[in-house]
Amino acid sequence: MSGAILALFGVVMAAAIGDLLIPGEEKGGTRQFLHFLTALSVLLLLLSPFCSLLQGADGFLQGEIEWGEEEVQKSDFEKKLSEAVASRSAVQLREGLSALLQQRYGISPEHCEIAVVLDEEGELRRISVFLKGTALLQDPEAIEQDLLEKFSCEVEVR
């Protein structure tokens, strides 16, 4: 839409400059032809959005208008929604795992890093727990076995 406005502004500006450059004060001849061309080009620029709308609606007169953009927007919306839900569920799962590790093993959240990997459908694929600081004194195999019992995915504890 901004391109059409810019084109309209350019045509009007060029017509005004052309009108100033044409010699003479008479209302006939070249000046009148310039006014006609300017009016015609402005009219075409104003009608171009309506023409593109009518070209996209083949069944307009039959009452059957198909809007292809709605399907694309709907699928894009559903994709963005599923990505947002998966992202939020990964964050909540990390928070829950952090609370579980703190409650069961006494590992504070600053002494472990938790990475959660989800697939395209939002299902849990992998949990990785990286111990650091005082959490290195815990047995990683015991934590891994405990998480494997709770989750049916690949678990790694280092």
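The coordinates are above.
Fair warning: this is a prediction, and the values are worked out from it, not measured in the lab.

Side note on the overall build of the protein
For step 1, the next point in the chain: Within the protein one finds four helices and three strands.
For step 2, the next point in the chain: Across the protein, helices and strands are ordered from the amino to the carboxyl terminus as α-α-α-β-β-α-β.
For step 3, the next point in the chain: Residue pairs at least 24 apart in sequence account for 44% of intrachain contacts in the protein once pairs closer than 6 positions are excluded.
For step 4, the next point in the chain: Accessible surface computed for the protein: about 11800 Å², of which carbon and sulfur atoms make up 60%.

What about the pairing of strand β1 (residues 112-118)?
For step 1, the next point in the chain: Pairing analysis gives seven bridges linking β1 to strand β2 (residues 124-131), with the strands arranged antiparallel. Within β2, the position partnered with valine 117 by the bridge is arginine 126.
For step 2, the next point in the chain: Between β1 and β2, which pair antiparallel in sequence order, lie five residues; one of them, glycine 122, sits at a positive phi of approximately 90°.

Brief notes about helix α4 (residues 140-150)
For step 1, the next point in the chain: Every buried residue of α4 is accounted for by Ile143, Asp146 and Leu147. In an axial view of α4, the angular spread of the buried residues amounts to 95°, which keeps them on one side of the axis. In α4, the exposed positions angled more than 90 degrees off the buried face are occupied by Glu141 and Glu149.

Analysis parameters
- Every chain is numbered independently, its residues counted from 1 as its sequence is written.
- Side-chain atom pairs in this predicted model are given and counted only at pLDDT of 80 or more, local residue features only at pLDDT of at least 70, and totals for whole chains, interfaces and linings cover all residues.
- Computation of side-chain values: all heavy atoms of the structure, hydrogens and water removed.
- We count a stretch as a helix when DSSP gives it H or I for four or more residues in a row; a strand needs E for two or more, and each element gets its number in order from the N terminus.
- By definition in these notes, contact holds between two residues if any of their heavy atoms fall within 4.5 Å.
- Note on areas: Shrake-Rupley with a 1.4 Å probe; residue coverage comes only from the protein chains shown.
- Between any two strands, pairing holds if DSSP finds at least two bridges.
- Any residue under 20% of the maximum accessible area for its type is buried, any over 50% is exposed, and the rest in between are partly exposed; the area is computed with a 1.4 Å probe on protein chains only.
- Each direction from the helix axis to a C-beta atom contributes to the arc, which is the arc of those directions.

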